[in-house]
Amino acid sequence: MTTTIVHPSVENLQSFSDLFDLEKLLQSEGILPWLLANGWEYDDKACLIANLVDESTSLDQVLDSSEFDFLSLPQSEQDKLNQIFEHFYL
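Counting restarts for each chain: residues are numbered from 1 in the order of the written sequence. Totals for whole chains, interfaces and linings use every residue, but because this is a predicted model, local features are given only for residues with pLDDT of at least 70 and side-chain atom pairs only at 80 or more, for both listing and counting. Think of the side-chain values as coming from all heavy atoms in the structure, minus any hydrogens and water.

For the rest of this paragraph, the subject is the pattern of salt bridges. Salt bridge, as used here, is a side-chain nitrogen of Lys or Arg placed within 4 Å of a carboxyl oxygen of Asp or Glu. In the structure shown here, the tally under the stated rule is 1 salt bridge. K45 is the salt-bridge partner of E77, the closest N and O atoms lying 3.1 Å from each other. Here E77 is found in helix α5 (residues 75–89), whereas its partner K45 is found in helix α3 (residues 44–55), with 32 residues between them in sequence. A residue is classified by how much of its surface remains accessible, and K45, at 27% relative accessible area, is partly exposed. Comment: elements are numbered from the N terminus, with helices defined as DSSP H or I runs of at least four residues and strands as E runs of at least two. In this scheme, a residue with accessible area under 20% of its type's maximum is buried, one over 50% is exposed, and one in between is partly exposed, where area comes from a 1.4 Å probe on protein chains only.

Given below as structure tokens:
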């Protein structure tokens, strides 16, 4: 299975246009735009993941968080999230 991670853009965030100022969201250095652009729903789970990543200083700190069990995600979501992390942290 191949997963393609897309960069956040107005086009791939259009479905969230009524929830956000897209221009401001696209200028964000946080991970939420990446999650939304790559198929995550704007919900408590996506917001929690984004907050954990944005407040952490390393990927290990994110994955070891007691606030969210990343291993409980379906394998397809884990794979996609790992690719986003790689893209985001590199």
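Membership of the largest hydrophobic core comes to 25 residues, with the highest contact counts inside it found for I31, L35, I49, F70 and L81. Those elements that provide at least two residues to this core are α1 (22–27), α2 (32–37), α3 and α5. Contacts are assigned to residue pairs with any non-hydrogen atoms lying within 4.5 Å of each other. With sequence-adjacent residues up to four places away left out, L35 is seen in contact with W40, A46, I49, A50, L81 and I84. In these notes, a set of buried Ala, Val, Leu, Ile, Met, Phe, Trp, Tyr and Cys residues joined through side-chain atoms within 4.5 Å is what counts as a nonpolar core.

When pLDDT is low, close inspection of the predicted coordinates is not appropriate. Confidence along the protein chain averages 89 in pLDDT terms, with 97% of residues attaining 70 or more. For every residue, the pLDDT score states the predictor's confidence, bounded by 0 at the bottom and 100 at the top. Per-element confidence in the protein chain is highest for α2, whose mean pLDDT is 94, and lowest for α5, whose mean pLDDT is 86.

Aromatic ring pairs are defined here through the distance separating the ring centres and the angle between the ring planes. Pairing of aromatic side chains here covers Phe, Tyr and the six-membered ring of Trp, requires ring centres within 6.5 Å, and sorts the geometry by plane angle: under 30 degrees stacked, over 60 edge-to-face, intermediate tilted. Applying the stated criterion to the full structure yields 3 aromatic pairs. Ring centres of F20 and Y42 lie 4.7 Å apart, and the angle between their planes is 80°; this geometry places the pair in the edge-to-face category. Of this pair, F20 sits in the segment before α1 while Y42 sits in the loop between α2 and α3, placing them 22 residues apart in sequence. Assessed through its relative accessible area of 19%, F20 is described here as buried. Owing to a relative accessible area of 37%, Y42 belongs among the partly exposed residues under this scheme. Each member of the aromatic cluster is reached from another via a ring pair, and the members are F68, F70 and F85.

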